[in-house]
Amino acid sequence: MGLLDSIVSAVGAQSPQAAEQAALLPALIEQVKSYPGGLPGLIEKFQQAGLGETIASWISTTQQNQPVSPEQLHSALGDDLLGKLSQHSGQDSGAVLSNLSVMLPSLIDQLTPNGQAGGQDLGGSLLGSLTSMLKG
């Protein structure tokens with residue numbers, strides 16, 4: 001992931017929070033790719049955790065993205081996935097949840113441009129999403 005490493009380094013010079021988010025991105029890509037069902041499976045997990053309306057707003061092409069709290073994310077993701085993200089990113093679980101609460105709505109929104117999940121190159125899509133988030 002040479003390109004991703006370059007982006008992480010460039011972001012680190014701009015903002016510590018953006019650097020944390022960029023450092024979390026490779027772990028997020030790997031965990032979503034390996035998650036049972038991929039992105040659609042993760043979306044279903046959010047729905048089962050009572051966050052159906054929230055994640056629907058992220059996927060929708062007509063709704064504003066609803067915010068999600070770190071506590072809601074913890075409930076939806078569970079300790080196992082959170083632990084993996086924390087371990088692979090080098091961040092404690094609080095930092096992971098805080099960063100995900102900021103970046104996940106936009107990432108899911110950008111990964112579902114037609115209002116549905118599936119069929120895209122997740123790594124490339126997330127990298128493109130991060131790049132566009134940093135430009136805006």
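You'll find the structure just up there.
Summary of the structure given here. (Residues numbered from 1 in each chain as written. Predicted model: local features only at pLDDT ≥ 70, side-chain atom pairs only at ≥ 80, totals over all residues. Heavy atoms only, no water.)

Before going further, it helps to examine the overall build of the protein chain. Scanning the protein chain from terminus to terminus reveals six helices and zero strands. Starting at the N terminus and walking to the C terminus, you meet the elements of the protein chain as α-α-α-α-α-α. Sorting the 136 residues of the protein chain into buried and exposed places 43% on the buried side. Accessible area for the protein chain stands at about 6800 Å²; split by element, carbon and sulfur atoms hold 49% of it. (Helix = DSSP H or I, 4+ residues; strand = E, 2+ residues; numbered from the N terminus. Buried < 20%, exposed > 50% of the residue type's maximum accessible area, 1.4 Å probe, protein only. Areas by Shrake-Rupley, 256 points an atom, 1.4 Å probe, with all protein chains shown as cover.)

Moving on, we get to the environment of Ala27. With respect to the helices and strands, the residue Ala27 is situated in helix 2 (residues 16–34). On the basis of relative accessibility, which here comes to 5%, the residue Ala27 falls in the buried class. Along the sequence, Ala27 and Ser89 sit 62 residues apart, while their C-alpha atoms lie 5.8 Å from each other. With residues near it in sequence (within four places) discarded, Ala27 still touches Leu85, His88 and Ser89. (Contact = heavy atoms within 4.5 Å.)

As a further point, take helix 2. Helical geometry: 3.6 residues make up each α-helical turn, so side chains three or four residues apart lie on a common side. With 19 residues, helix 2 should cover 27 Å at 1.5 Å per step; its first-to-last C-alpha distance of 28 Å lies within 8% of that length. Considering bend angle alone, the principal kink of helix 2 is centred on Leu25 and spans about 30°; proline Pro26 follows within four residues of it. For helix 2, the complete set of buried residues consists of Ala18, Ala19, Gln21, Ala22, Leu24, Leu25, Ala27, Leu28, Ile29, Gln31 and Val32. (Expected span 1.5 Å × (residues − 1). Bend = angle between axes of the 7 residues up to and from the residue.)

As enumerated under the stated definition, the model contains one aromatic pair in all. Ring geometry for Phe46 against Trp58: centres 5.7 Å apart, planes inclined by 65°, an arrangement best described as edge-to-face. Its relative accessible area of 0% is what places Trp58 among the buried residues. (Phe/Tyr/Trp six-rings, centres within 6.5 Å; stacked < 30°, edge-to-face > 60°.)

Of all the bends in helix 5 (residues 93–111), the greatest, near 40°, is centred on Met103, and the proline Pro105 appears no more than four residues after it. Along helix 5, the residues that are buried comprise Ala95, Val96, Leu97, Asn99, Leu100, Ser101, Met103, Leu104, Pro105, Leu107, Ile108 and Leu111. The residue sitting at the N-terminus of helix 5 and contributing the capping side-chain oxygen is Asp92; that oxygen lies 3.0 Å from the backbone nitrogen of Gly94. (Polar contact = N/O pair within 3.5 Å; in protein donor to acceptor, adjacent residues only side chain to side chain.)

Okay, the pattern of salt bridges next. Taken as a whole and assessed by the stated rule, the structure comprises one salt bridge. Residues Asp80 and Lys84 are paired through a salt bridge, measuring 3.5 Å at the closest nitrogen-oxygen approach. Residue Asp80 and its partner Lys84 are located together in helix 4 (residues 70–89), separated by four residues, close to a single helical turn. Judged by its relative accessible area of 55%, Asp80 is exposed. (Salt bridge = Lys/Arg side-chain N within 4 Å of Asp/Glu carboxyl O.)

The next thing to look at is the nonpolar core. Counting 30 residues, the largest nonpolar core has Leu28, Phe46, Leu73, Leu85 and Leu100 as its most contacted members. For this core, the elements supplying multiple residues, two or more each, are helix 2, helix 3 (38–59), helix 4 and helix 5. Excluding anything up to four places from it in sequence, Phe46 contacts Leu51, Gly52, Ile55, Trp58, Leu73, Ala76, Leu77 and Leu104. (Core = buried A, V, L, I, M, F, W, Y, C linked by side-chain atoms within 4.5 Å.)

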